[in-house]
Amino acid sequence: MVTHDSGGHHHPPTSFIRKYIFSTDHKVIGLQYYFLALFSVFLGMALSMLMRIHLVWPSAKMPFTPGGQMTPEQYLALMTMHGSIMVFMVLTTAPQSGFGNYALPIQIGAEDMAFPVLNMLSFWTTLLSLIVLVSAFFVNGGAPISGWTAYPPLSALGQIAGPGQGAGQTLWVVGVAIFCIGSLLGALNFITTTVDLRAKGMTLGRMPLTVWAWLVTAILGLLAFGVLLAACLLLLLDRIAGTSFFIPGGLVVTDTPIVSHTGGSPLLWQHLFWFFGHPEVYIAILPGMGVASHVLSTFSRKPVFGYKAMVGALGAIGFLGFCVWGHHMFISGMSPYSAFAFSLLTMTIGVPSAIKTFNWLGTLWGGRIQFTTAMMFGLGFVSLFVTGGLSGLFLAQPSIDLYLHDTYFVVAHFHLIMGVAAIFGIFAATYFWFPKMFGRMLNETIGKVHFWFTFVGVYSIFMPMHFLGLAGHPRRYADTTGVNFLGPLHSVHYFITLAAMITISAQLIFLFNFFYSMKAGQKASENPWNATTLEWSIPSPPPFDNFAGRIPVVYRGPYEFSVPGATDDYIPQHLTPERVGKAH
Amino acid sequence: MPGTITDEIEIIDAGRGGGTNVPAGGDDDGEGSFGSPGIPQRAYFTVIQLGLAGIIMFFMALTSSFLVRKGLGNDWVAFNFPRILWLNTLILLASSITIQIARRHLREDEKAAFKRWWSVTTSLGILFLAGQFIAWRQLARQGVFLVTNPSSSFFYVLTAAHGLHLFGGILALVYVSHRSWRRSRVSQATATDVASIYWHCMDGLWVFLFALLYLGR
Ligand code: HEM
Ligand SMILES: [Cu+2]
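What you see is a predicted model; the values in this text were computed from it and never measured.

What follows covers empty space enclosed by the protein. Residues and elements named next belong to chain A. According to the stated counting rule, one finds five cavities of 30 Å³ or more in the structure shown. As a volume, the largest cavity reaches approximately 1,000 Å³. Lining the largest cavity we find 45 residues, and of these Ser48, His82, Met86, His415 and Phe462 sit closest to its centre. Elements with a contribution of two residues or more to the lining of the largest cavity: helix H2 (26-56), helix H3 (72-91), helix H14 (408-438), helix H15 (444-470) and helix H16 (490-520). Considering every element that reaches the lining of the largest cavity, the biggest residue donor is H14, with 11 residues. For the lining of the largest cavity, the residue count by class is 32 nonpolar, 10 polar and three charged. Split by domain, the lining of the largest cavity shows at least three residues from each of two domains, domain 1 (29-248 + 259-264) and domain 2 (318-516).

So this is what it looks like as structure tokens:
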């Protein structure tokens, strides 16, 4: 039985709606995800700015706090929405679903994702989840206040646990559950495409490290999001049906005994959440690692140092990522033996992380480095990854974490390593692939100005937070007036807020560059960076089916730069051996 | 994995390229399907296995919640296990047999017999869901509801979640028996195989959940 039907899937759609809105083209979907993330990141930054202003000038009048001053609950609502939007809608979408969708099929020589309609559904599910999440601002009581981790019992009790814990928290749970579904569908497509749709010659060992990173990330997503979905389902039932999965008995909230619940376990949520949560932080960062490897190699004009070790490290990080969730729960009263095991496993992740770092440095070593903006952001990624990773090793000691848990030290750690490092990965990818995506170059001079403001800016914001944490400053405090031992730290807060204002304003430089260059940037050639992978073998922007019906054949690995004896300092993957050395 | 179908599919390699040193892409087993738009049939097998992995993670999360909640709380009360669940289990097990019979008929190109057994399977699936519904009604009559006790909470959650997944399986069975294969990217053989892999797994999942609910009640 041989049916291989070429059924009508490869004709470009003609109507505007099918082309740009309900598109099944992976490139359009990638851009849709990217713009979803772009919208979300500016929304998230605006929320953070309000928080920073409140921390320094607690009595300042704020635009959308009708009563005038911001209440502690409003601060917590901003914090919750800031974290949730950033983690789910920015760090999970742009690096993986955005760039992955855009570049992965092209890099492996496929005409599209394996299941284009499913792909479209993933995006629309994700957009729906964003709408549901953001609508929490507009319901009675406002947005939830229990943080992106939504710990019960407060997240499970409803209105009595505070403003925002009613309808707002319900919308949060539903929104996140919908997000899980969208991410699961996306993961299916990513893995199947990578496994089954690679062009002839594109063996596993010839896949660009970006593809490896997206693959491992998709596997993490597939195994992690189902767990969060289950947790959200149980939390939702506790909230609306009156079950007691997470709500213990004998609870008294604001002098009201909660009599309708018995026996539930808040710790159960923590286990479920962090079993998802730790892999999630790698979902945010692994694509950035792939991009960093790719960009560092291209602009050092050298092969990636230790390609196989890089792949192995990605796999090891992915695997270990599922074994360490307990390090978020050291102070939950767990047995010291469990804590020791989690601690040891956590520090083991330092090994593949160090392998990656040294291999990035090895890639740079002796290279003819071109300081493009993409390269600078790639280097920035490495810097931030190291800085943030080192503080992780402190936190991984249960005895030290006892002190540092729930302080600004943790805030510093995860912002540097997850927040900003992943954002630097996104920027590196943006400056690198923009010419391919829009057919025009981003302005490099403006790009470098943007880089320096952002690089110095984020260190200025987050480095001092380590000191706040070491001084015992708890996280999630809306206001420190009247807290004696925090008084002397006010000037640090002042500095951080100032740095945040400048850094956030500097993102307008990027926004300008982005939209200005899209319209008026210098026209991009097919391969402006003299890069080797398949996306650079096709026009910028690529035609509807990527290769105009002529699927490439791959003859070599992804990073053949400065090969001895070759005339050019790069050999594209699709170049036949006979053509190497001749002009191309 | 029913390998036969996928093995056959790979004959259609369009044989493009042909330079030196070009191992095939795809799953690295030597052949691929290049030059033709659309996707190789094996992708449907890949995606169903991955999808099942995701589904299993979801149910494992619920299962460990079940065990943790039972172990940590001191408020667990057993309820009368609805007897009809034994019958439902037999029905679902039978459906796994009938679906195999249906597939054999399809392989031997006996279209009518395939259709017949395939609909028997579908009916058994619907019967199972009806039986689950009756089990809920029996519990409700005893005054055992979702919120009554953690034991019943988990009972309703797990049976409902499984029922929903099985309902998806029924939709897949109906889809396979009703669509025309002329212009589709997926072949009838692949669709049949993929649907039955899913069906068997939902069957196995039920047996597991049944044991969990029965022994852990
Ligand atoms: C060597 C590597 C790492 C180690 C040893 C490490 C260790 C830890 C530990 C022990 C905590 C818990 C601190 C506490 O809550 O008291 C933590 C928190 C956190 N880590 Fe890491 N980490 C590492 C890498 C990463 C990476 C790569 C990311 C993200 C890309 C990340 C993101 C986070 C986040 C988001 C939190 C805080 C979650 C919250 O409470 O809201 N970490 N880390
Ligand atoms: Cu962690």
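Glancing now at the packing of aromatic side chains. Going through the model one piece at a time under the given rule, you end up with 70 aromatic pairs over all chains. Seen from their ring centres, A:Phe299 and A:Phe432 are 6.0 Å apart, and the 90 degrees between their planes marks the pair as edge-to-face. With a gap of 133 residues between them, A:Phe299 in helix H8 (residues 266-300) and A:Phe432 in helix H14 connect regions that are remote in the sequence. Comparing A:Phe299 with A:Phe432, the two get one shared label, buried. Between B:Arg179 and the ring centre of B:Trp181, over which it is positioned, the NZ or CZ distance is 5.6 Å. Positioned above the aromatic ring of B:Tyr214 is the side chain of B:Arg217, whose terminal nitrogen or guanidinium carbon lies 4.5 Å from the ring centre.

Ideal geometry at a metal centre gives angles of 109.5 degrees when four donors are arranged tetrahedrally and 90 or 180 degrees when six donors are arranged octahedrally. Every protein donor of the copper ion (ligand 2) is accounted for by A:His278 (ND1), A:His327 (NE2) and A:His328 (NE2), and the metal-donor separations fall at 1.9 to 2.0 Å. As a motif over one chain, the donors of the copper ion (ligand 2) read H-x48-H-H.

All right, on to the domain arrangement of chain A then. Residue and element names in this part refer to chain A. In terms of domain boundaries, chain A breaks down into domain 1 (29-248 + 259-264), domain 2 (318-516) and domain 3 (523-584). Between domain 1 and domain 2, the C-alpha centre-to-centre distance is 19 Å. Across the boundary between the two partners, domain 1 contributes 41 residues, which contact 36 residues of domain 2. Approximately 3,100 Å² of surface area, both sides summed, lies buried where domain 1 meets domain 2, with 78% of it carried by carbon and sulfur atoms. Looking at the side of domain 1 facing domain 2, the largest losses of area belong to Arg52, Leu55 and Phe99, adding up to 19% of the total buried there.

Quick look at the environment of A:Val492 now. In this structure, A:Val492 sits in helix H16. It is 6.9 Å that separates the C-alpha atoms of A:Val492 and A:Pro464, two residues lying 28 residues apart in sequence.

Okay, the coordination of the iron atom of ligand 1 next. Counting protein donors to the iron atom of ligand 1 gives just one, A:His413 (NE2), placed at 2.1 Å. Between the two metals, the iron atom of ligand 1 and the copper ion (ligand 2), the spacing is 4.4 Å.

Residues and elements named next belong to chain B. Following the sequence through the fold, Ala130 ends up in helix H4 (residues 111-141). Ala130 sits in the partly exposed class, given a relative accessible area of 38%. For the pair Ala130 and Gly163, spaced 33 residues apart in the sequence, the C-alpha separation amounts to 10.0 Å.

Definitions and cut-offs
- Residues numbered from 1 in each chain as written.
- Chains lettered and ligands numbered in written order.
- Predicted model: local features only at pLDDT ≥ 70, side-chain atom pairs only at ≥ 80, totals over all residues.
- Heavy atoms only, no water.
- 1 Å grid on protein atoms, 1.4 Å probe; cavity = no way out; pocket = protein on both sides within 12 Å on 5 of 7 lines; lining within 4 Å.
- Points joined across faces, edges and corners; volume = space filled by probe spheres on them.
- Helix = DSSP H or I, 4+ residues; strand = E, 2+ residues; numbered from the N terminus.
- Nonpolar A, V, L, I, M, F, W, Y, C, P; charged D, E, K, R; others polar.
- Domains from an automatic or database assignment.
- Phe/Tyr/Trp six-rings, centres within 6.5 Å; stacked < 30°, edge-to-face > 60°.
- Buried < 20%, exposed > 50% of the residue type's maximum accessible area, 1.4 Å probe, protein only.
- Lys NZ or Arg CZ within 6 Å of the ring centre and 35° of its normal.
- Donors = N, O, S within 2.8 Å, 3.2 Å for Na, K, Ca; no water.
- Contact = heavy atoms within 4.5 Å.
- Buried area = accessible area lost by both parts, 1.4 Å probe.

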